[in-house]
Every structure is written in C-alpha cells, then in structure tokens.
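Structural description and commentary
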Amino acid sequence: MRQRNFFGFAKYGDPTYTFLKYSAEKDRCIVMIENTNPLSEAPYLHVSDTPGKGQSGGKLIYNYQPKKAWPAVGLLACQLVLPFVLVATVQSIAYMAAFVFYLRSDAVAGFMDKLTGITSPSASGSVTFDSSMFDSIMKMLMGVMSTKPFLIAMTAGYLIIIGVYLLIVRVIEKRSTQTMGLPFHEAGDKRRAVFSYTRGLGIGLCMMLAVFLLLLVTGQARVAGFGLDASAVSLFVLYIFMWIPQGASEEIMTRGYMLPRLSAKFSRPAAVAVTSLFFGLLHTGNSGFSIIAFINLILIAVFFAMFSIYTQEIWTVCAVHSVWNFAQGNLFGFEVSGIVPTASLFQTESIKTGSDILTGGDFGPEGGLIVSGVIVFSLIILVLIHQKRRAKKWTKTQ
C-alpha cells in the first residue's frame, strides 16, 4: 500500500493514497482520498474551502494553490522585480509630468536660484558633493512631489499598478481576486469588504493618533496651528484621492500577490520575511531614511502580513495603509516617509531640543522609536486576539 502526494511521489506503509485537484472556478482545493485497504470503507471525497487547509497544510494563503511548480530562483526574481519596475516607471513618469508643469510655473525661478546656491563652487573653484548637499536637493525635489500635477500623475500611476495586477490574476492566471486577498464575487463578499475596509480605517487612524499623542505628551512635538488655507483645500482633497490607491497598490503588490505565492512555494514565515524586507527596501531612496526607519517599515509590513493571514483578505490592511499615510501627513502634519506635506489640518512642529531617535527626523515619525513602540504594541494585540479566537474555536469543537 502506498500514498501519493500532490507531486506524485509515493509513500509506503499507508493504506491510502491522496491526490489534490485544483478547481479554478472556485479557487479551492479538492482533496480526493482513495482507500486501497480492502478491510476499510469505500473511497470518499473531501472538499476543503478553508484557507490554508488541505494537502499543503498551513502554507496556503487566500486559498491560492499554484497550478505549476516554479523554480525557486525564477519565482523570487519575478515576484521582486515586477513591483520595482512598476513603481520606478510610475514615479518616473509622474516626476516628468510634474516637472513639465513646474518649469512653466513662477516657482521655477526660486527653484533654480536654490539649486545654483547649493551647487555653486567654493573659493577654490571646486564643487563638493556631500550628504548635506544631497539632502538639500532631495528636499527641493520633495517640494515638486507636493504639486497638483504630481499628485494627479501618481494617482493615475497607482491605479495603473492595481490594474496590472488585476490583469495578471484575472486574465493571465484566470483566477478570482480571492487569490490575491480581495474576495468580491461570492454572496456577502461586498458587505464583508465594506466592513473590512471601514475597520481598517479605524485601526489605522487609531494607530497614528497614538503616535501623534505620544509625540505631544513626551514633548517631542507641538501643535503650531490648526486649519487649512483656502488655497490648500483642493490640494488636501487630491491627497485623499492619492492615498487611497497608493496604499491599495502597495498592499496588492506585496501582501496581495507576492505573499501567497511565496508562501505556497516556501512557507508562511519565509513569505512574511521576504515581503517585509522587500517593503522596507522599497523606501530606501526616500529623504531622511535611517536604520530605525528601515526596521519600522519591516515591522509594519509584518503587521500587515499577519493581519492579512489571520483575516484571509487585504481589504483591511489596504485601508490601514492609506489612512496611516493620510493621517500622518495631512491630518497631523508630519513627514510621510521623508515627504513633507503641503496641506495638513494640524501644523505640527518638532521641538528643537527633541530627539531624532524618537521623532524620526526628516523621515518623519516612521523613522522614530515612538512608531516602533506603537507597531510592536499593535502586533502584540493582534497576536493575542488571534490566539483568543483560535482557543475559542478549539473549545467549541471539543
């Protein structure tokens, strides 16, 4: 007697053999177990709709089951290169579009004067490029990133990235969006999607509110003003429309598409580690980037990944991601991963005697230890809630 696993290898000493059939229509695994022991019962069929169950054990996420075996190196290269190419392309086009409009504006004269002042030769006749000069140029470029043409171009770019991944999943792979953490076609999916997204808005807002209050209480920041100028209202609205697809696109790239595919090939811990490291590396070019910022980005990525695995959807983390950035920059007036906001409800300033280790310096709160504490605390709460629910379900089955 022998058992055949999904890859066709046989195991001896077991009275049954198992094979797994993939149903593309339902995106689920059908495990057929044929009993070859004449003393036992007839063959039976077990249909598993539970994410992560079946032949692959706890590796499956969003019920994604690969239709063919990818080489490990090829899978990693494809999953890591595609997002970088898409983001680089979108940002390059957005920069070019913004600069075209910027060069036609009255602000270009001031920009060129500052650039000339930064790069002007010293008394010896040489131009020295150091870190301070690079930071000054980056701050000026960040100013261009806060213009309306740039925000509009980036919004369109993020929507294109989302469209590319939907095209890959629906047309090329011929799968449902459930396999990328976006269940939307079954009965009740739309209602659950609205609930999950609303829940995410609340979680993200609470997390950033905690960061804001901790910075005020510890004396690291103060509120210098409140309210929007009439000229900034349209920019404020554009930021809202930009942050929604921005958060969704990054979540779809990493937690929606990359996470389940790497998990099916390797394991859940490996997939979480790779996607979280990738998420941190995705922000290395931002102004004010530091080791603490890198660690925090990995921590928040782990939080997003674990939340997605526990809930088997990414609607929630899409909302958390978007509202985290919006609240950080446009509600509380902090830098968002090195990007200085130009339209915020609160005008918040760092105290001169404050510590960059806590505030994050030019990178914003995401580069400080206060955000580290908030994320770690959120992770602990998430794990405790999940363990409590698992224990409750286990008790009911006994």
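Preceding this section is the structure that the text describes.
Residues numbered from 1 in each chain as written. Predicted model: local features only at pLDDT ≥ 70, side-chain atom pairs only at ≥ 80, totals over all residues. Heavy atoms only, no water.

1. Re the side chain of Ser322
Stated formally: Numbered from the N terminus, helices here are DSSP runs of H or I no shorter than four residues, and strands are runs of E no shorter than two. Only protein chains enter the accessibility calculation, which uses a 1.4 Å probe; a residue whose area is less than 20% of its type maximum is buried, one above 50% is exposed, and one in between is partly exposed. Under the rule applied, a polar contact is a pair of N or O atoms within 3.5 Å (in protein, one hydrogen donor and one hydrogen acceptor; residues adjacent in sequence only if both atoms are side-chain atoms).
On the secondary structure map, Ser322 appears in helix H9 (residues 315-331). Ser322 sits in the buried class, given a relative accessible area of 4%. At a separation of 3.2 Å, a polar atom in the side chain of Ser322 contacts the main-chain carbonyl oxygen of Ile244.

2. Structural notes on unusual backbone geometry
A positive phi is found at Tyr62, a non-glycine position, where the angle reads about 60 degrees. With respect to the helices and strands, the residue Tyr62 is situated in the loop between strand E5 (44-48) and helix H1 (72-103). A positive phi is found at Asn63, a non-glycine position, where the angle reads about 60 degrees.

3. So, the environment of Leu76
Defined as follows: Residues count as neighbours in contact if any of their non-hydrogen atoms are within 4.5 Å of one another.
In this fold, Leu76 is placed in helix H1. With 185 residues separating them in the primary sequence, Leu76 and Arg261 have C-alpha atoms 9.6 Å apart. With residues up to four places along the chain from it excluded, the contact list for Leu76 reads Leu262, Phe266 and Val274.

4. Quick word on the packing of H1 against helix H4 (residues 148-172)
Keep this limit in mind: Angular values range over 0 to 180 degrees, each being the angle between N-to-C directions of two axes fitted as lines to C-alpha atoms, with helices fitted over their stretch in contact. Each angle gets one of four labels, with under 35 degrees taken as roughly parallel, over 145 as roughly antiparallel, 65 to 115 as roughly perpendicular, and the rest as oblique. Whether a crossing is left-handed or right-handed is set by the direction in which the near helix is turned from the far one by less than a right angle, anticlockwise for left-handed and clockwise for right-handed. Residues are grouped as follows: Ala, Val, Leu, Ile, Met, Phe, Trp, Tyr, Cys and Pro are nonpolar; Asp, Glu, Lys and Arg are charged; every other residue, Gly included, is polar.
For the pair H1 and H4, interaxial distance at closest approach is 8 Å and the crossing angle is 155 degrees. Overall, the two elements H1 and H4 adopt an arrangement that is roughly antiparallel. Our pair here, H1 against H4, has a crossing hand that is right-handed. Between H1 and H4, the residues in contact are Leu82, Pro83, Leu86, Val87, Val90, Gln91, Ala94, Tyr95, Ala97, Ala98 and Phe101 and Pro149, Phe150, Ala153, Met154, Gly157, Tyr158, Ile161, Val164, Tyr165 and Ile168, respectively. When grouped by side-chain class, the residues that make up the contact of H1 with H4 number 19 nonpolar, two polar and no charged.

5. Section: the nonpolar core
So the rule is basically this: In these notes, a set of buried Ala, Val, Leu, Ile, Met, Phe, Trp, Tyr and Cys residues joined through side-chain atoms within 4.5 Å is what counts as a nonpolar core.
With 79 residues, the main nonpolar core has Ile161, Tyr165, Val211, Leu259 and Phe303 as its most contacted residues. If you list the elements that add at least two residues to this core, you get H1, H4, helix H5 (189-217), helix H6 (233-265), helix H7 (268-281), helix H8 (291-311), H9 and helix H11 (369-397). When residues no more than four places from it in sequence are discounted, the contact partners of Ile161 are Leu86, Val87, Val90, Ser249 and Met253.

6. Some words on the packing of aromatic side chains
Definition in use: Here a pair means two rings of Phe, Tyr or Trp (six-membered ring of Trp) with centres within 6.5 Å. Their orientation is stacked below 30 degrees between planes, edge-to-face above 60, and tilted elsewhere. For a Lys NZ or an Arg CZ to count as sitting over a ring, it must be within 6 Å of the ring centre and within 35 degrees of the ring normal.
Per the stated rule, a full pass over the model turns up 15 aromatic pairs. Both rings, one in Phe184 and one in Trp315, keep their centres 5.8 Å apart while their planes meet at 45 degrees; by these two values the pair is tilted. Of this pair, Phe184 sits in the loop between H4 and H5 while Trp315 sits in helix H9, placing them 131 residues apart in sequence. Seen from their ring centres, Phe289 and Phe294 are 6.0 Å apart, and the 65 degrees between their planes marks the pair as edge-to-face. We classify Phe289 as partly exposed; its relative accessible area is 27%. Feature note: the residues Phe212, Phe226, Phe332, Phe334 and Phe346 constitute an aromatic cluster, connected by ring pairs. Seen from the ring of Phe184, Lys190 lies directly overhead, with NZ or CZ sitting 4.9 Å from the centre. Positioned above the aromatic ring of Phe279 is the side chain of Arg255, whose terminal nitrogen or guanidinium carbon lies 4.7 Å from the ring centre.

7. Structural notes on H1
Selection criterion: An expected span of 1.5 Å times one less than the residue number is assigned to each helix.
Here H1 spans 47 Å end to end across 32 residues, near enough to the 46 Å set by a 1.5 Å rise per residue. Within the span of H1, buried status applies to Leu75, Gln79, Pro83, Leu86, Val87, Val90, Ala94, Ala98 and Tyr102.

8. Quick word on the side chain of Ser372
Among the secondary structure elements, Ser372 is positioned in helix H11. Ser372 sits in the buried class, given a relative accessible area of 12%. Apart from residues no more than four positions distant in its own chain, Ser372 is found in contact with Ile292 and Asn296.

9. Concerning the pattern of salt bridges
This is how the line gets drawn: Should a side-chain nitrogen of Lys or Arg be within 4 Å of a carboxyl oxygen of Asp or Glu, the pair is scored as a salt bridge.
Counted according to the given criterion, the structure contains six salt bridges. The salt bridge partner of Glu173 is Arg261, with a shortest N-O separation of 2.9 Å. Of the two residues, Glu173 is situated in the loop between H4 and H5 and Arg261 in helix H6; the sequence distance between them amounts to 88 residues. Accessibility assignment for this pair places Glu173 and Arg261 in one class, buried. Measuring nitrogen to oxygen at the nearest pair gives 2.7 Å for the salt bridge that ties Arg192 to Asp189. Pair noted here: Arg192 and Asp189 are both in helix H5, with a separation of three residues, about one helical turn. Under the relative-accessibility criterion, Arg192 is labelled partly exposed at 39%. What makes Asp189 buried here is its relative accessible area of 8%. Three or more residues joined by partner-sharing salt bridges are found here, namely Glu173, Arg175 and Arg261.

10. A closer look at a positive patch on the surface
Our working rule: Only residues whose relative accessible area exceeds 30% and that form no salt bridge are eligible for patches; like-charged ones are grouped when within 9 Å, while nonpolar side chains (Val, Leu, Ile, Met, Phe, Trp, Tyr) are grouped when within 5 Å. For the accessible areas, the method is Shrake-Rupley and the probe is 1.4 Å, while residue cover comes only from the protein chains on display. Charged-residue counts in this description rest on Lys and Arg as positive and Asp and Glu as negative, His and the chain ends being excluded. Here the site of a charge means NZ on Lys, CZ on Arg, CG on Asp, or CD on Glu.
Side chains of Lys388, Arg389, Lys392, Lys393 and Lys396 sit close together on the surface and give a patch of like positive charge. Along the chain, the position of Lys388 falls in helix H11. Exposure remark for Lys388: the relative accessible area of 65% places this residue in the exposed category.

11. Brief notes about H6
Side chains that are three or four residues apart share a direction in an α-helix, a result of its 3.6 residues per turn. Rules: The angle between axes fitted to the seven-residue stretch ending at a residue and the seven-residue stretch beginning at it gives the bend at that residue.
Here H6 spans 47 Å end to end across 33 residues, near enough to the 48 Å set by a 1.5 Å rise per residue. Within H6, the axis deviates most sharply at Met258, by approximately 40 degrees, and proline Pro260 lies no more than four positions further along.

12. Notes on the environment of Lys265
Within the secondary structure layout, Lys265 lies in helix H6. Lys265 gets classed as partly exposed once you look at its relative accessible area, which sits at 34%. Expressed as a C-alpha distance, the spacing of Lys265 and Ala72, which sit 193 residues apart in the sequence, is 7.4 Å.

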